[in-house]
Amino acid sequence: MARKMVLSIDDKLYTRLEKHARRNGETVNEFFVRAVCDALDMFDDFYDSVESVDALDIRPNARFFGNN
C-alpha cells in the first residue's frame, strides 16, 4: 500500500526543486522519491561502515545530533 505525506515548502524552494527535477527529466514527486531513496542508501552505507569499524574496536560509535 502506498502512503502519502504532505510537505509544505515555500514557492521559491518549490521553483528551485522543479527546475532541478526538470533538468533530470523528472517530476517534483519523482525527484523527491529518488532523493529520499538515495539518501537512505547513503545512510545505510555509512552506518554499515561505522558498524564494521566498531566491530574492529578501532573507534567509538558515531553519533548524530548528539547534545552532551
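Everything below is about the structure printed above this text.
This text gives an overview of the structure that appears in the document. (Residues numbered from 1 in each chain as written. Predicted model: local features only at pLDDT ≥ 70, side-chain atom pairs only at ≥ 80, totals over all residues. Heavy atoms only, no water.)

Considering helix α1 (residues 11-23)
As a reminder, the rule being used: Secondary structure elements are taken from DSSP: a helix is a run of H or I of four residues or more, a strand is a run of E of two residues or more, and numbering for both begins at the N terminus. Multiplying one less than the number of residues by 1.5 Å gives the expected span of a helix.
Taking 1.5 Å per residue as the helical rise, α1 with its 13 residues ought to reach 18 Å, and the 18 Å between its terminal C-alpha atoms agrees with that figure. Immediately beyond the C-terminal end of α1, within one or two residues, lies glycine 25, with a positive phi of roughly 70°.

Notes on the pattern of salt bridges
The cut-off we apply is this: For salt bridges, the criterion is a side-chain nitrogen of Lys or Arg within 4 Å of an Asp or Glu carboxyl oxygen. Categorising residues by exposure relies on relative accessible area from a 1.4 Å probe, with only protein chains included: less than 20% of the type maximum marks a residue as buried, more than 50% marks it as exposed, and the intermediate range marks it as partly exposed.
In this structure the tally under the stated criterion is 3 salt bridges. The partner of glutamate 26 in a salt bridge is arginine 34, with the nearest N and O atoms 2.6 Å apart. Residue arginine 34 is classed as partly exposed on the basis of its relative accessible area, which comes to 31%. For the salt bridge of aspartate 38 with arginine 34, the shortest nitrogen-to-oxygen distance reads 3.4 Å. Of the two residues, aspartate 38 and arginine 34 both sit in helix α2 (residues 28-55), 4 residues apart, roughly one turn of that helix. The class for aspartate 38 is partly exposed, based on a relative accessible area of 35%.

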